[in-house]
Amino acid sequence: MARRRVRRFSGKTPIERFLILLVLAVMIGVTLAFVLPKFNTTLGQAAGEYSAVGDAAETLDTLQVVDNRKPQSRYQRALFGFREYDFDGNGCDARNDILARDLTNVQYANAEHCKVNAGILHDPYTGKTIEFKRGQSTSARVQIDHVVALNDAWRSGADTWDTHKRNLLANDPYNLLAVDGPANEAKGDANAADWLPENTQFDCAYVARQIGVKAKYGLSVTSRERAAMLQVLHTCPNQEVPKQ
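What you see is a predicted model; the values in this text were computed from it and never measured.

Procedures and definitions
- Residues numbered from 1 in each chain as written.
- Predicted model: local features only at pLDDT ≥ 70, side-chain atom pairs only at ≥ 80, totals over all residues.
- Heavy atoms only, no water.
- Helix = DSSP H or I, 4+ residues; strand = E, 2+ residues; numbered from the N terminus.
- Buried < 20%, exposed > 50% of the residue type's maximum accessible area, 1.4 Å probe, protein only.
- Areas by Shrake-Rupley, 256 points an atom, 1.4 Å probe, with all protein chains shown as cover.
- Pairing = 2+ DSSP bridges.
- Axes fitted to C-alpha atoms, helices over the stretch in contact; angles between N-to-C directions.
- Disulfide = S-S within 2.5 Å.
- Parallel < 35°, antiparallel > 145°, perpendicular 65-115°, else oblique.
- Left-handed = near helix turned anticlockwise from the far one by under 90°.
- Contact = heavy atoms within 4.5 Å.
- Nonpolar A, V, L, I, M, F, W, Y, C, P; charged D, E, K, R; others polar.

A. Representation of the overall build of the protein chain in the model. Counting secondary structure elements, the protein chain contains ten helices and five strands. Considering the protein chain as a whole, with its 244 residues, one finds that 42% of them fall into the buried category. Accessible area of the protein chain: about 13900 Å², with a carbon and sulfur share of 53%.

Below you can see the structure in the form of structure tokens.
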């Protein structure tokens, strides 16, 4: 087969050979221009993929960039008091507040409307529609995600906070979303450099909210995290930071 291809190519006229090589060179150039910036930040910057405009990008520029930060002590989730602090003073814990906010067709298990028993979630992370039903084997299908993960917050400055400020972050509705359970578990404590929603249509809103949370609480970003955020925001000019 190789010999036949050589004969076919050598049998072309000089102009035909030139055109074939030109087409191949263009194809290779286009492929490299598209692929290399994904793997190399410097090339991506040159290609403009790590630049963005708009409210979210401007807010990102205000965040301190800190790499290889070493927290003062070991992260412990319990130090944030999730579901132990009533952010809005309505007598309901954060999980039920967010379920009531983010689900549709909400049904309650008590007259105080503090215990969500069932509802429908249109999951922003996967795009799936999930039927939520409270129960030992079903509740975990819908989980409450900290948009800025608590361990990421710890690495970004929360290790120096007092208990009250940690409680505020952990229970702030601005930093909480009801989402698909497996997607939340897959995210873990990753920041935008290592995890983005499966539903790419939500990427811009997700990154903008992370930026908003970090700005609100004075948290830092890493260089990789900042580059990943800019790469997302590059696709949605004038993306705003959520107000609430």
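Still more to cover.
B. The arrangement of the sheet that holds strand β2 (residues 116-122) in detail. Read across the sheet, three strands follow the order β1-β2-β3 without closing on themselves; strand pairing throughout is antiparallel. Whereas interior strands pair on both sides, the edge strands pair on one side only; in this sheet they are β1 (104-108) and β3 (129-133). When the angles between neighbouring strand axes are averaged without regard to direction, this sheet yields 10°. As paired strands, β2 and β3 are joined by five bridges and run antiparallel to one another.

C. Representation of the state of the cysteines in the model. Evaluated as defined, the whole model comprises two disulfides. Each sulfur of the disulfide joining C92 and C114 lies 1.9 Å from the other. Judged by the sign of its S-S torsion, about -75°, the bond between C92 and C114 is left-handed. With C92 in the loop between α4 (55-61) and α5 (94-102) and C114 in the loop between β1 and β2, this pair connects stretches of sequence that are 22 residues apart. Neither C92 nor C114 differs from the other in exposure class; each is buried. One disulfide bridge connects C204 with C236, the sulfur atoms lying 2.1 Å from each other. Judged by the torsion about the S-S bond (-105°), the C204/C236 disulfide is left-handed. On the criterion of sequence distance, the pair formed by C204 in helix α9 (residues 203-217) and C236 in the segment after α10 (223-233) is long-range, its members being 32 residues apart. Residue classification places C236 among the buried positions, given a relative accessible area of 13%. Cysteine pairing in the protein chain follows 1-2, 3-4, where each cysteine in a disulfide is numbered by its order in the sequence.

D. Geometry of the pairing of strand β5 (residues 176-180). Counting buried positions along β5 gives five out of five residues, so the element sits mostly inside the fold. Here strand β4 (residues 142-146) runs beside β5; their pairing, made up of five bridges, is antiparallel. Bridge pairing links D145 to L177 in β5.

E. Layout of the packing of α9 against α10. Here α9 crosses α10 at 135°, and the two axes come no closer than 9 Å. Comparing the axis directions of α9 and α10 gives the class oblique. α10 is crossed by α9, and the crossing has left-handed handedness. The residues of α10 that touch α9, namely those facing D203, C204, V207, Q210, I211 and K214, are E225, M229, V232 and L233. In the contact of α9 with α10, the residues fall into six nonpolar, one polar and three charged.

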